[in-house]
Amino acid sequence: MKKPVIAILGAGLGGSVAAFEIKEAVGSKAEVMVVSQGDTFHFVPSNPWVAVGWRKREAIEVHLPPIMAKKKIGYTGVGARRVHPQENRLELGDGESLFYDYLVIATGPELAFDEIEGLGPEGFTQSVCHVEHAERAAEAFEAFARKPGPIVVGAVQGASCYGPAYEFAMILDTELRRRKIRDQVPMTFVTAEPYVGHLGLDGVGDTKGLLESEMRQRHISFITNAKVARVTEGHMAVEEIAEDGSVKATHDLPFSYSMMLPAFRGVPAVMGVEGLANPRGFILADKHQRNPTYPNVFSLGVCVAIPPMGKTPVPVGVPKTGFMIESMVTAIAENLKELLAGAEPTHQATWNAICLADFGDSGVAFIAQPQIPPRNLNWAAEGRWVHLAKIGFEKYFLSKIRRGEATPFYEKLALDIIGARKLKT
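In short, a report on the structure. Every value quoted in this text rests on a predicted model; they were computed, and no experiment measured them.

1. Considering the overall build of the protein chain
Of the regular secondary structure elements, the protein chain holds nine helices and 22 strands. On C-alpha atoms alone, the protein chain measures out to a radius of gyration of 21 Å, which is about the 22 Å that the 2.2 N^0.38 rule sets for 425 residues. Per-residue burial for the protein chain yields a buried fraction of 57% across its 425 residues. Surface summary for the protein chain: the accessible area is close to 17700 Å², and the carbon and sulfur share equals 53%.

Below, the structure is given as structure tokens:
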């Protein structure tokens, strides 16, 4: 008798962990097949380190096919051209089709650099969204260090990922001080957020105070409610927007080096699929991570449609953080297990967040339970220990991927001790 097929589209942080956890949950009751663009996992949180030469690309990469094979998980790196949910079919990058019984979409986003003139690696700013971008950013940084000048770092309007922008600004500051050239580099942080430390979450604990203090301590000026109008070689045109939507001030920021995080949108394979994705291309999901129109389709991670926290003068998206994504993974794995047993899904992800923001020599950590307020727990702290914890987490997570594990028992025990649960009770 043919086994049901569970297809997982994407093999990034969410997709890889989902493959391991879903296979563990369903065992021999279903075939699990991963469809990814390429054969390599990259640990994206380490990209800011790659961009200043603190890591080499190969140190944060894992070759996935042999690991998946060892776990009896099918794998292809040809990617997908189109999702056809009404046919239960993935149109693959090589022209073949993969028919599925259940689909888990974990694609991550497409980077919308083209929405602002001159933005991105093909324009005049760098990126740390992908390891290839980070490598290019490292080359540009080395050239910059030989001839220092102003730096502009931040996140543009519509962005939904702010932590790496803060991290990279502070890491740059740390590296410039190590090279004894910080005094030659004026730095400006430009963000769509209504205030420093908003993070797309209306803050967590005192992230506003912590990050503003860190900016001032490091002599990094900042512009909030910022809309980037255009970028030309060595210049960024920024409009500072008032509460009523009018232009409060304009800034022509010169730079010799710039890294700006873009807005995200859905990948082409799902863009415009009615009932599956919203107009921006993010996947619609209910409280069980299941699509309302196509109930055999689940989604997790950055590709999930989450409405913004509220109205802001400049569009600000909601981030999907690592632990929050892992909670989505666990809910989907348990719900698929129930469906294969003939029951309806009952599990809901907590969407709790545990984050470590590295500043190169210190950092800020926060716990938000859940990530979206109002919260049961709202905590943030800073110190050198965060930098060391981030290094430890990088090594631990990469070792999990290399072993093909999702959540070892000792990790579950540690999370239980601190009360960081992945599923609502």
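2. Details of the side chain of S46
With respect to the element layout, S46 can be found in the loop between β3 (40-42) and α2 (47-50). Looking at S46, the relative accessible area reads 1%, which means it is buried. Ignoring anything within four residues of it in the chain, the contact list for S46 reads I60 and E394.

3. Here we look at the pairing of strand β11 (residues 151-155)
Of all the five residues making up β11, five are buried; the element is thus mostly covered by neighbouring parts of the structure. On β11, burial covers both faces: I151, V153 and A155 on one face and V152 and G154 on the other are all buried. Both β11 and strand β17 (residues 257-261) contribute to a ladder of five bridges, which runs parallel. Across the sheet, the residue bridging to A155 is L261, located in β17. Taken together, the five bridges between β11 and strand β12 (residues 187-191) define a ladder with parallel strand orientation.

4. What about the environment of F222?
Residue position: F222 is located in strand β13 (residues 220-223). With residues near it in sequence (within four places) discarded, F222 still touches F189, V196, E212, M215 and R216.

5. Considering the pattern of salt bridges
This structure, assessed with the given rule, holds 28 salt bridges. Between R55 and E394 there is a salt bridge, and its shortest N-O distance comes to 3.0 Å. Residue R55 is found in the loop between α2 and β4 (61-63), and its partner E394 is found in helix α8 (residues 384-403); the two are separated by 339 residues along the sequence. The same class applies to R55 as to E394, namely buried. Across the pair E344 and R290 runs a salt bridge, and its minimum N-O distance is 3.2 Å.

6. Describing the sheet that holds strand β22 (residues 377-382)
Strand order across the open sheet formed by three strands is β20-β21-β22, with antiparallel pairing between neighbours. In this open sheet, the two edge strands, each paired with only one partner strand, are β20 (353-358) and β22. Strand after strand, the sheet turns through a mean of 10 degrees between neighbouring axes, direction not considered. As paired elements, β20 and strand β21 (residues 363-369) share six bridges and run antiparallel to each other. In the sheet register, C355 faces β21, and the bridge partner there is F366. The strands touched by helix α6 (residues 207-217) are β21 and β22; relative to β22, the strand with the most contacts, the crossing angle is about 20 degrees. Relative to β20, α8 is tilted by about 110 degrees, and along the sheet it contacts β20, β21 and β22.

7. Topic: a nonpolar patch on the surface
Taken together, the side chains of L377, W379 and W385 make up a nonpolar region of the molecular surface, amounting to roughly 290 Å² of accessible area. Among the secondary structure elements, W379 is positioned in strand β22.

8. Quick word on the sheet that holds β12
Sheet architecture is open: four strands sit in the order β13-β12-β11-β17, paired in parallel fashion. Both outer strands of the open sheet, β13 and β17, are each paired with one neighbouring strand and no more. With strand direction ignored, the average angle separating the axes of adjacent strands in the sheet is 15 degrees.

9. Here we look at the pairing of β21
Most of β21 sits inside the fold, with seven of its seven residues counted as buried. Side chains G363, A365, I367 and Q369 of β21 all project onto a buried face; the interleaved residues V364, F366 and A368 project onto the opposite face, where all are buried too. Adjacent in sequence and paired antiparallel, β20 and β21 are bridged by four residues, among which G360 carries a positive phi angle near 90 degrees. Where β21 and β22 come together, six bridges link them in antiparallel fashion. Pairing of Q369 across the sheet is with L377, part of β22.

10. Thoughts on α8
Between its first and last C-alpha, α8 extends 29 Å over 20 residues, near the 28 Å set by a 1.5 Å rise per residue. At the C-terminal side of α8, G404 shows a positive phi close to 75 degrees.

11. Digging into the side chain of T125
Along the chain, T125 turns up in the loop between β10 (110-111) and α4 (131-146). From its side chain, T125 meets the backbone nitrogen of G120 in a polar contact 2.7 Å long. Discounting residues that sit within four places of it in the chain, T125 has contacts with G118, L119, G120, V231, M236, S258 and M260.

Rules of the game
Residues numbered from 1 in each chain as written. Predicted model: local features only at pLDDT ≥ 70, side-chain atom pairs only at ≥ 80, totals over all residues. Heavy atoms only, no water. Helix = DSSP H or I, 4+ residues; strand = E, 2+ residues; numbered from the N terminus. Rg over C-alpha atoms; globule rule 2.2 N^0.38 Å. Buried < 20%, exposed > 50% of the residue type's maximum accessible area, 1.4 Å probe, protein only. Areas by Shrake-Rupley, 256 points an atom, 1.4 Å probe, with all protein chains shown as cover. Contact = heavy atoms within 4.5 Å. Pairing = 2+ DSSP bridges. Salt bridge = Lys/Arg side-chain N within 4 Å of Asp/Glu carboxyl O. Axes fitted to C-alpha atoms, helices over the stretch in contact; angles between N-to-C directions. Patch = residues over 30% accessible without salt bridge, like charges linked within 9 Å, V, L, I, M, F, W, Y side chains within 5 Å. Expected span 1.5 Å × (residues − 1). Polar contact = N/O pair within 3.5 Å; in protein donor to acceptor, adjacent residues only side chain to side chain.

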